[in-house]
Amino acid sequence: MQQIFNFIFKNSNRLLFLLLLGISLVLTIQSHSFHRSKIISSANFLSGGVYEKVNSVNEYLNLKTQNDALAQENAELKSLLFNRKDTTAVQKLDSLKGVKADDIIVSKVIHNSYNVYENYLTLNSGELQGVKPDMGVINSLGIVGIIDNTSPHYATVISILNKKSQINAKIKKSNHFGSLVWNGKSTGFVQLIDVPRLAAIRKGDTIVTGGQSVIFPENINIGTIAKIYIDNQTNYYTLDVKLFNDMTNLGHVYIIKSKDRDELINLEKGKKDE
């Protein structure tokens, strides 16, 4: 306490000056609207900056919740998209296979390999969420792969960047089909093989999933034609397809249940047995 008194006595002149200065500033601000508006503006600027920083921190901390909500919303939107009827074409039996919201499982890639010939992904959803082998995996840009193995909480996916992968695909504008494979050279390109020479194709045409698959719904995006090769011996085209997806950077994905898959497989198996 004695030190405080000593400090006040020693600096009495300075403290008195600061007190009088403070009083004069208050009186000036209260009596002049211009000065008052400037002070309020400065205070708002400082507090606004603080609030903005706090809000940025809160948004960062809530990113996981926001991402999960967006992923769920995208799943619902994709359900609507898959069920939309194509009014420009004659409706076929395949087009009756809708994908309901309950038939889409939202998941996340927790491991992704893309630098070997047989690449796999790991998802944080498994049997407890209804994931089964041979289900298709897509995201907002296009196809990702096919479920390979499952455990109660996780699943592995055969990436489209896998030399064992073979998926039915077609040229969107002409409906000519081929098999989608990967030659193991580039993470940004896959190949559509066995495309008939009579198909009218050009660079930039869109490649989508075909209607002959029980894994993927028809017309899911894959990529665009980058190069066209002709095999003179087989009389078929081989197309380099530039993927819409960046397979080296995957986050949330959607696993698609195919309710008709078992029925179709049993039907085809029965025909073979006959």
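Report on the accompanying structure. Everything quoted here is computed from the prediction, not taken from an experiment.

1. Quick look at the sheet that holds strand β7 (residues 177-181)
With respect to topology, 6 strands assemble into a closed barrel ordered β6-β7-β8-β11-β10-β9, the strand pairing being antiparallel. In this sheet, adjacent strand axes meet at a mean angle of 40° when their direction is disregarded. For strand β10 (residues 221-231) and strand β11 (residues 236-243), the ladder comprises 8 bridges, and the chain directions are antiparallel. Within the sheet, the bridge partner assigned to Ile225 lies in β11 and is Val241.

2. Points about the sheet that holds strand β4 (residues 143-150)
Strands belonging to one sheet form pairs held by backbone hydrogen bonds; the direction of such a pair is parallel or antiparallel. Ordered in space as β1-β2-β5-β4-β3-β12, the 6 strands form a closed barrel in which the pairing is antiparallel. Ignoring which end each strand starts from, the neighbouring axes of this sheet average 45° apart. Here strand β2 (residues 118-123) runs beside strand β5 (residues 155-162); their pairing, made up of 5 bridges, is antiparallel. Residue pairing for β5: Tyr120 is matched across the bridge by Ile158.

3. Quick word on the packing of aromatic side chains
Following the criterion strictly, the structure yields 0 aromatic pairs and no others. In this structure, Lys163 packs its charged tip against the face of Tyr117, placed 5.1 Å from the ring centre. Against the face of Tyr237 rests Arg197, its NZ or CZ located 5.8 Å from the ring centre.

4. Points about the pattern of salt bridges
Inspection of every chain in the model, using the stated rule, returns 4 salt bridges. In this structure, Glu118 engages Lys164 in a salt bridge whose closest nitrogen and oxygen atoms are separated by 3.7 Å. Here Glu118, found in strand β2, pairs with Lys164, found in the loop between β5 and β6 (167-171); they are 46 residues apart in sequence, far enough to count as distant. Residue class for Glu118 comes out partly exposed when judged on its relative accessible area of 38%. The residue Arg202 makes a salt bridge to Asp205 at a minimum N-O spacing of 3.8 Å. The class of Asp205 is buried, set by a relative accessible area of 8%. Each member of the salt-bridge network shares a partner with another, and the members are Lys173, Arg202 and Asp205.

Calculation criteria
- Residues numbered from 1 in each chain as written.
- Predicted model: local features only at pLDDT ≥ 70, side-chain atom pairs only at ≥ 80, totals over all residues.
- Heavy atoms only, no water.
- Pairing = 2+ DSSP bridges.
- Helix = DSSP H or I, 4+ residues; strand = E, 2+ residues; numbered from the N terminus.
- Axes fitted to C-alpha atoms, helices over the stretch in contact; angles between N-to-C directions.
- Phe/Tyr/Trp six-rings, centres within 6.5 Å; stacked < 30°, edge-to-face > 60°.
- Lys NZ or Arg CZ within 6 Å of the ring centre and 35° of its normal.
- Salt bridge = Lys/Arg side-chain N within 4 Å of Asp/Glu carboxyl O.
- Buried < 20%, exposed > 50% of the residue type's maximum accessible area, 1.4 Å probe, protein only.

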